[in-house]
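# Results of the structural survey
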Amino acid sequence: MVMTSQTTATAVNSVLRVPPASPAAAAAYFGASLTFHADVSDVASALAAEGDPGFVLVDSRSTASWDQGHVPGAVHLPTALIPEQAAALLDPAVPVVTYCWGPGCNGATRAALALAQLGYQVKEMLGGFEYWAREGFAFETWEGGERRAADPLTAPVDDADCGC
């Protein structure tokens, strides 16, 4: 077998050791991903727009975490309480977007699973509360409202739209 530079690069390159999916498989995967996830900027934009955003935002963290900071207008429903309290707090006809601390926490994923098992349409907000605060969006604490400057590594400094 004759080894070309492409064959050699692929054999040692950890990125291409497993080849990319076909365009059709990639389109199916990434399209499906968008049905399960929303990002912080899109959630913030929908909540800031006039009228009903068409979903309810659920903070799935503990009361101590909620008190430390949460998205204004979010419903506080800790994951462990979803089975007993979801029906009293959420309309099954309205999609739910869950969030927890941030990318290092899978609490929003567990909450989304629990809600889906109860029959709710659900998405997870990628980045969680951490990225909400890091992108410079207002939040509430037990002491009142707060807003931090946007982290230039997570949000554009002088523009509301990152172009994504």
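For the structure itself, consult the block above.
The shown structure was predicted, so the numbers you read here are calculated from the model rather than taken from an experiment.

## Let's talk about the pairing of strand 5 (residues 122-126)
- For strand 1 (residues 37-39) and strand 5, the ladder comprises three bridges, and the chain directions are parallel. When the bridges of strand 5 are listed, Asp 39 appears paired with Leu 126.
- As paired elements, strand 4 (residues 96-99) and strand 5 share three bridges and run parallel to each other. The partner of Val 97 across the bridge, within strand 5, is Lys 123.
- For the crossover from strand 4 across helix 6 (residues 107-117) to strand 5, the handedness is right-handed.

## With respect to the pattern of salt bridges
- Using the criterion set out here, one finds four salt bridges in the structure.
- Taking the shortest distance from any N to any O, the salt bridge between Arg 134 and Asp 151 comes out at 2.6 Å. With Arg 134 in helix 7 (residues 128-134) and Asp 151 in the segment after strand 7 (144-146), this residue pair connects regions lying 17 residues apart in the sequence.
- Residue classification places Arg 134 among the partly exposed residues on the basis of a relative accessible area of 25%.
- Here the salt bridges do not stand alone but share partners, grouping Glu 130, Arg 134 and Asp 151 into one network.

## Looking at the sheet that holds strand 2 (residues 56-59)
- Read across the open sheet, the five strands follow the order 1-5-4-2-3; overall the sheet is parallel. The sheet is open, and its two borders are formed by strand 1 and strand 3 (75-76), each paired with just one other strand.
- Inspection of the sheet shows strand 2 paired to strand 3 by two bridges, in the parallel sense. Within strand 3, the position partnered with Asp 59 by the bridge is His 76.

## Focus on the packing of aromatic side chains
- Within this structure, the stated rule accounts for four aromatic pairs.
- Plain terms: the ring middles of Tyr 29 and Phe 30 are 5.0 Å apart, the flat faces sit at 80° to each other, and that makes the pair edge-to-face.
- Given a relative accessible area of 51%, Phe 30 falls into the exposed group.
- Aromatic side chains Phe 129 and Phe 139 sit 5.2 Å apart centroid to centroid with 90° between the ring planes, which places their arrangement in the edge-to-face category. Taken as a pair, Phe 129 in helix 7 and Phe 139 in strand 6 (residues 139-141) lie far apart in primary sequence, 10 residues in all. Pair check on accessibility: Phe 129 and Phe 139 agree, each one buried.
- Among the aromatic residues, ring-to-ring pairing joins Trp 101, Phe 129 and Phe 139 into one connected group.
- The ring of Trp 101 has Arg 61 lying over it, and the distance from NZ or CZ to the ring centre is 4.4 Å.
- For Arg 134, the ring lying beneath its charged end belongs to Tyr 131, and the centroid distance is 4.8 Å.

Rules used in this analysis
Residues numbered from 1 in each chain as written. Predicted model: local features only at pLDDT ≥ 70, side-chain atom pairs only at ≥ 80, totals over all residues. Heavy atoms only, no water. Pairing = 2+ DSSP bridges. Helix = DSSP H or I, 4+ residues; strand = E, 2+ residues; numbered from the N terminus. Right-handed = clockwise from strand over helix to strand, strands pointing away. Salt bridge = Lys/Arg side-chain N within 4 Å of Asp/Glu carboxyl O. Buried < 20%, exposed > 50% of the residue type's maximum accessible area, 1.4 Å probe, protein only. Phe/Tyr/Trp six-rings, centres within 6.5 Å; stacked < 30°, edge-to-face > 60°. Lys NZ or Arg CZ within 6 Å of the ring centre and 35° of its normal.

That is the geometry; function is a separate question.
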